[in-house]
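Here is how the chains run, residue by residue.
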Amino acid sequence: MPYARVIVDIAASAIDREFDYAVPKDYPVDAVPGLRVQVPFGPRHIEGFIVALSDTTAVPQEKIRPLGRPLEERPAILPHLMDLALWMRRRYRCLLVEALRLLIPAEMRKGRVRAKQRNQISLAVLPQDARARAEALPARFARQKQLLALLAGGADDAQVRRAMPDAMPVARALEKRGLVRIGSVRALRTPYRALEMGQDAQHVLTAEQQIAAEAIFRGMDAERGAFLLHGVTGSGKTEVYMRAVAHALEAGRSAIVLVPEIALTPQMVQRFRARFGNRAAVLHSGLSQGERFDEWQRIRAGEVSVAVGARSCVFAPFANVGLIVVDEEHETSYRAENAPRYDAVEVAERRCAAEGATLVLGSATPSVARYYRALHGDYTVLHLDHRVEDRPMPQVQVVDMRRELAAHNKSMFSRPLQQAMAETLARGEQMILFLNRRGFATFVSCRKCGEAMTCPNCDVAMTYHSAEKTLKCHYCGAQLPVPDACPACGSKAIRYFGAGTQKVEQQLAALFPEAKLLRMDRDTTARKDAHLHILKRFAAGEAQILLGTQMVAKGLDFPNVTLVGVMAADTTLHYPDYASAERTFQLIAQVAGRAGRDVKAGRVVVQTYAPDEPPIALAARHDYQTFYAREIMQRQAGQFPPFGRFVRFLVVSAQQQRAAGQARALCKEIARVVAHDTHLASQVLLLAWMPAMLSRLEGRFRYQVLLKMLPDARNDALIDAAHACLNDALFDGCSITMEVDAQHMV
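Residues numbered from 1 in each chain as written. Predicted model: local features only at pLDDT ≥ 70, side-chain atom pairs only at ≥ 80, totals over all residues. Heavy atoms only, no water.

*Asks:* Explanation requested: the side chain of R696 in the structure shown.
*Replies:* If you trace the backbone, R696 turns up in strand β27 (residues 684–697). R696 sits in the buried class, given a relative accessible area of 17%. At 2.8 Å, the side chain of R696 and the backbone oxygen of P456 are in polar contact. Setting aside residues no more than four positions away along its own chain, R696 makes contact with C455, P456, N457, C458, D459, F701 and R702. (Helix = DSSP H or I, 4+ residues; strand = E, 2+ residues; numbered from the N terminus. Buried < 20%, exposed > 50% of the residue type's maximum accessible area, 1.4 Å probe, protein only. Polar contact = N/O pair within 3.5 Å; in protein donor to acceptor, adjacent residues only side chain to side chain. Contact = heavy atoms within 4.5 Å.)

Structural data, given as structure tokens:
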């Protein structure tokens, strides 16, 4: 008798193992790994995944229960993706069911969404017979005549519905006469219907693009290869991606294209659909439940060959992937924030290696750690050092805001930026202004006693939003009215400090009242497809100014944008993080690259209080190589990645003493285990516990245990030893999560 080994769909470490079920002889479908099934588990029936089959079982026969009904006719998870989930379980020390859940739309679980059906009208007789019967109908049946004429003339269902929105009652009357049929067909919920696709002609490749494309083609033909495409902004990386995708399709294989932000997806989808038509699907968390379900089903059924999307798109269920492209590979948004904390770039690399696919990582500002790996042979570096048609890089002017203040300019706009904006508007051109802070004021404070208005749930200052006239916490979402008096001293001297996008918007309206402005931040893009509508309006020239947070800093391509203003370049510079210099350089270089991407020359004005800091000065010169050389030396001196690795345990509890106590106990337990193994002890560079940088969030206290180790291939044993310390006794009312190769210490 065959037995199915099933992982039940419950995320609990105590049951993170396989359970054996007998497969009935008359099972309605093939019971194979990857099939989702319903199984008896204790007193109830729950969903699960078959992960393996066996002819034997160690479970006594009297305790074996039969496998429940299948939830689909075919396996939802393909064999190579099942292997990927097993790898993720080991790599990220997560539960297997957590990894398996990533491989299917969340809406499939518990049947929350199903395929949508709609009625379809078609002729039940030959077209000539339909015309004859239509002519024979009395004049009072004009609508029936019209419908028969449309169908006889070859109109499809969509054309009929456009011409006759009320066609269904008419069709039912004709169905009774035996002239039409009303059937049921699948109705696809298609994302981005509002996009104007058009036709996208292939451009003539530059010499650099041709060399890069041919190298990628050779890798694809050999079913291997990992490439780092280092191309300056505007050098045509996307065209190289599309040529590589076309090469994969010609070979009968599929392609996945990842972008770091959902905001960037509409532009990328528009380009890929214009080139590849309905063969391109979209997959990301910003879609509606129905859209995500339908797009996933199209991919799984083999109806499409290309999937474009954000981080989760790396799990697109293609049976024969030939290419995975990761655009802007340096972006931290490719790292999941919740368990399992996977790195989509790392998953893409693993998937390509396992499935004989080619990996292409693209960026104008590659991550320091990956560029180091590329220089040491893990990737083949391909260079695009010039913009398309040898267009010049934008001229960058760094403005010292200390001098502006000394010259009595207290505005948030420097004099050079104000002049550049006025000139740009006078020429009828567009600009992008970047400020990585939303809201109106960064914080609200009492000028008498210095008390800042902080979130009652988190140890952070609340941000003032002028539109709603409320204080908001950007971490937990708490909202409070602005107090009339200081809650600490009773003073009426409540003042607003700092600036967010709302305040910049207000001052721009006063400075340039005739200019039309669009703001793009988390507040204005909360609704579905809001990104798309803002970008469409800007592309159509309905506004001259696009103001936004880091959503506008990368990937966008507007030919009429000739000016970029960076409002506060040093926002991320002094962040307590080893990668703060890297992120500052990347952000400035990326947003500067939005200017002058077509025939018109571009200009960038960077405002900062630290103009001589290397990340800012080198980004202004578009000098990645010097920045990399300097940064890699500092990383090596401090043994930071790629010369060291971090494992972070985050301990969270509603009680501060309990969280601190558990962090201390976990740190001592790891130290005890490591001390008993000379080799493990030699790998440790740092082991310490401390409050997290954000020490309280959503009313819960947060402590962390940091384990810093050498980047030795054998240190997986050290990670396993640390992970093994997470036993039940340590939890005691706390939640403890582990993140391998942590990138943020917030």
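Next, the rest of the story.
*Asks:* Whenever I open this one, the packing of helix α8 (residues 237–250) against helix α9 (residues 265–276) confuses me. Can you help?
*Replies:* Two measures define how a pair of helices packs: the angle their axes make with one another and the distance between the axes. At their nearest, the axes of α8 and α9 sit 11 Å apart, and the two run at 45° to each other. By the criterion of interaxial angle, the relationship of α8 to α9 is oblique. In this structure, the crossing between α8 and α9 has a hand that is right-handed. Facing T238, E239, Y241, M242, R243, V245, A246 and L249 of α8, the residues of α9 in contact are M268, R271, F272, R275 and F276. Classifying every residue of the contact of α8 with α9 by side-chain character gives eight nonpolar, one polar and four charged. (Axes fitted to C-alpha atoms, helices over the stretch in contact; angles between N-to-C directions. Parallel < 35°, antiparallel > 145°, perpendicular 65-115°, else oblique. Left-handed = near helix turned anticlockwise from the far one by under 90°. Nonpolar A, V, L, I, M, F, W, Y, C, P; charged D, E, K, R; others polar.)

*Asks:* What is the right way to read the packing of aromatic side chains from this model?
*Replies:* Geometry of an aromatic ring pair is reported as the spacing of the ring centres plus the angle between the planes. As enumerated under the stated definition, the model contains 15 aromatic pairs in all. On the numbers, 5.8 Å between centres and 85° between planes, the contact of W87 with Y92 is edge-to-face. Accessibility expressed as a relative area gives 5% for Y92, which makes it buried. Ring plane angle 80° and centroid distance 5.2 Å describe the contact between Y371 and Y624, whose orientation is recorded as edge-to-face. (Phe/Tyr/Trp six-rings, centres within 6.5 Å; stacked < 30°, edge-to-face > 60°.)

*Asks:* Help me understand the nonpolar core, please; the structure alone is not making it clear to me.
*Replies:* General note: in soluble globular proteins, nonpolar side chains tend to be found buried as a group. Among the nonpolar cores identified, the biggest contains 129 residues, and L100, F272 and L546 are the most heavily contacted of them. With eight residues, the single largest contributor to this core is α8. Apart from residues lying up to four places away in sequence, L100 is in contact with I7, F49, V51, I77, M82 and A85. Within the second largest apolar cluster, 26 residues are counted, among which are V647, L666, V705 and L718. (Core = buried A, V, L, I, M, F, W, Y, C linked by side-chain atoms within 4.5 Å.)

*Asks:* What should I look at first to understand the sheet that holds strand β20 (residues 479–481) in this one?
*Replies:* Within a sheet, each strand pairs with its neighbour through backbone hydrogen bonds, oriented either parallel or antiparallel. The strand order across the open sheet formed by three strands is β18-β19-β20, and the pairing between neighbours is antiparallel. The open sheet has two edge strands, β18 (463–465) and β20, and neither has a second partner. Strand-to-strand twist of the sheet, defined as the mean angle between neighbouring strand axes without regard to direction, takes the value 35°. Alignment of β18 against strand β19 (residues 470–472), held across three bridges, turns out to be antiparallel. Looking at the pairing, Y464 lines up with L471 of β19. (Pairing = 2+ DSSP bridges.)

*Asks:* It is not clear to me how helix α4 (residues 142–152) should be interpreted in this structure. Could you clarify?
*Replies:* Residue pairs three or four apart in sequence face the same way in an α-helix, which turns once every 3.6 residues. Looking only at α4, the buried set comprises Q144, L147, L148, L151 and A152. Taken down its axis, α4 places every buried residue within 130° of arc, on the same side. Buried positions along α4 lie against β6 (117–123), α3 (127–136), α5 (157–163), α6 (167–176) and β7 (180–186). Phi turns positive, to about 95°, at G154, one or two residues after α4. (Arc of directions from axis to C-beta.)

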